[in-house]
Structure formats: structure tokens, C-alpha cells
Amino acid sequence: MKQTSRFLAFFLCIVLLTSAVFTVDTHAADLSVFDTSNASEGYFTVHFDATVKMKVGVTVNSKTTYYSYTPGTYSSYAFTEGNGSYKLTLYRNVYGTSYAKVTSKTVNVNLVDALAPYRASTAEITFSQNDAVGLKAAEICQGLTDDAAKVVAIHNYVASNFTYDYNFAASVRSGAMKGYVPNTSNIIASGKGVCYDFAAVFAALCRSQGIACTLQKGYLNGQYHAWNVVYVNNGWVSVDLTASISYGVRSTSSIYDCAAVMYSNTYTY
């Protein structure tokens, strides 16, 4: 039981902003806020200058997902529900947990590839071919041509070179840190993080190599957590880097060995 309790700490994850969003119409829409020219590639980009907290809402099939947005940045978000009509809305914080609508735009998405949204660089899974993520992925995967082999190499790199950041986890638990979005290049430089960070870095490294990978967030055995699901061998495979790091599983030889850690009989949250 002591061992299980020790591992519980590893699964503290960054809690995203979960406060309610209250929609209040403000000034006339400025559709230049949303760049949807890459919609067929699975993502759109937001840019808006402001001095308050902001969120982006993505509505499709009567379901809205909210994302934190850092004003003044060019930040991208994926069309994760496939083809269809999406309503994009930018909100600004009014006070407390209340947000007002700044502008919105509707776009019809017709993807060139169903996996395109999971290969794109987004606000929480950021990479380019020439940044720290892209260069590290190229180094890790040098000489490898098989996606499964690349995923194993990326898994082993993260599992071997990152440690859990207990101080940061404590700031999350205390409520001092809210609305956190990982900076993947900074995480690679620091070599530490929490589950959200590990999942973001793993996804960014995979995506920079053209491998579709999702970042999943939810409750597992009562603990809020982040992990990955990566597309290899014509199917999706779940990988949990926090589990691999906590158990010291630093070297695996197959994608299924990577996945097995998450589904170990002794793996508890």
C-alpha cells in the first residue's frame, strides 16, 4: 500500500480552467481573429491583442470545448471532431469566472486526411521542424523508417530523461497555478514536469515526425490525469509516460511494451 500511495503523487495533473463560461455579446465580430485557411489540414489559428484572460470555444454537433488562449499570440487549435460545421468563438474575461463573447466565426471543415488534426502543431502540443522539439525528434529517430520504431524511441527518450516536478505539482494542488498550458520546448530544456507536460512533449515529438498522436485528459481511477493515444500499425495505442517514468520503465523494445505499462495489473492511481 505504501508503494501504491507513493505512485499516486505521480498522477497529479494540471487541472485546466473548469470555470463556467457566460456568453455575453460585445462589439461587432472581427473575423480576422480566426485564420481558417488551414482547416483542411485539421487546425485553425487565433490572434487577438488584449490585456485580460481569454478563452477559445469550439462548438460542433452541439458540443463546445473551451481552451485557454494567451492574448497577443498566434495559437492553433485542432478540429478534433472530423468533418463538419464548426463555430469558433473568442471570449474575454469580464470578472471572476464570467466571460464575454468577443467574436465568432463558422467554418465548414473538409479534412484532407482524417488523422490531420492529430499531426498538427497546436497551442498545447507545439513544435516546428527547427525548434527544440523538432530537432530532438529528428535526433531520436535518426535512421528509423518505421513509425512504431520511432514511437518506441521517443517513449524511451522521455522515460529516460524526464523527472516528476513535485514543486510544480504542489502549486497546482494548492490552486496557485491555474490555466496552465505546456511549453514543449521549455519542458525539453528543463527535463521535468507533470503528467500534462509529459503527454504534451510525447505528442509533439511524435507529431513532428508525422505520427498522429492525441493528448487525452480525464479521470482514471478517480485521479485527473493526462496520457497519449498514438496511431501506429493501422490502429490507436495508449501510452502513459507518467507511468513509465514512475515505474522506471526507461527502455522498451516494442510499442506494445510501451502500452503494457499503462495496463499493468499493479498499476494503480
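Caption draft 1: The overall build of the protein chain, seen in detail. A tally of helices and strands in the protein chain yields eight helices and twelve strands. Residue burial in the protein chain is summarised as follows: out of 269 residues, 49% are buried. When contacts within the protein chain are restricted to residue pairs at least 6 apart in sequence, those whose partners lie at least 24 apart make up 64%. Total accessible area on the protein chain is roughly 12,600 Å²; 49% of this is exposed by carbon and sulfur atoms.

Caption draft 2: Structural context of helix H4 (residues 166-174). What H4 keeps buried is the set Phe-168, Ala-169, Ser-171 and Val-172. Seen end-on, H4 carries its buried residues on one side only, within an arc spanning 155°. Turned more than 90 degrees away from the buried face of H4, the exposed residues are Asn-167, Arg-173 and Ser-174. Of the surrounding elements, those touching the buried residues of H4 are strand E8 (163-164). Between the side-chain oxygen of the N-cap and the backbone nitrogen of Asn-167 there are 3.3 Å, and the N-cap of H4 in question is Asp-165. Immediately downstream of H4, the backbone of Gly-175 shows phi near 90°, a positive value.

Caption draft 3: Geometry of the sheet that holds strand E4 (residues 63-69). The sheet built from four strands is open, its strands ordered E4-E3-E6-E7 with antiparallel pairing. The sheet is open, and its two borders are formed by E4 and strand E7 (98-109), each paired with just one other strand. For this sheet, the mean inter-axis angle between neighbouring strands, taken without regard to orientation, is 20°. Sheet topology note: the strand E6 (residues 84-95)/E7 ladder contains eleven bridges and is antiparallel. Within E7, the position partnered with Tyr-86 by the bridge is Val-107.

Caption draft 4: Main features of the confidence of the model for the protein chain. Here the protein chain averages 86 in pLDDT, and 86% of its residues register 70 or above. Model confidence for the protein chain, summarised as mean pLDDT per element, is weakest for helix H1 (residues 2-8) at 40 and strongest for strand E2 (residues 43-46) at 98. Taken as a whole, residues 1-29 scores under 50 in pLDDT and shows 77 contacts with residues more than four places along the chain or in a different chain. Every residue in residues 265-269 is under pLDDT 50, and counting partners more than four places away or in other chains gives 19 contacts.

Caption draft 5: Focus on the pairing of strand E3 (residues 54-60). Extensive coverage of E3 is indicated by the burial of six of its seven residues. Bridge count between E3 and E4: seven bridges; the pairing is antiparallel. Its bridge partner lying in E4, Val-56 is registered against Tyr-67. Hairpin connection from E3 to E4: two residues lie between these consecutive antiparallel strands, with Asn-61 at a positive phi of about 55°. Note: E3 against E6, six bridges, orientation antiparallel. Across the sheet, residue Met-54 finds its bridge partner in E6, namely Arg-92.

Calculation criteria
Residues numbered from 1 in each chain as written. Predicted model: local features only at pLDDT ≥ 70, side-chain atom pairs only at ≥ 80, totals over all residues. Heavy atoms only, no water. Helix = DSSP H or I, 4+ residues; strand = E, 2+ residues; numbered from the N terminus. Buried < 20%, exposed > 50% of the residue type's maximum accessible area, 1.4 Å probe, protein only. Contact = heavy atoms within 4.5 Å. Areas by Shrake-Rupley, 256 points an atom, 1.4 Å probe, with all protein chains shown as cover. Arc of directions from axis to C-beta. Polar contact = N/O pair within 3.5 Å; in protein donor to acceptor, adjacent residues only side chain to side chain. Pairing = 2+ DSSP bridges. Axes fitted to C-alpha atoms, helices over the stretch in contact; angles between N-to-C directions. pLDDT = per-residue confidence, 0-100.

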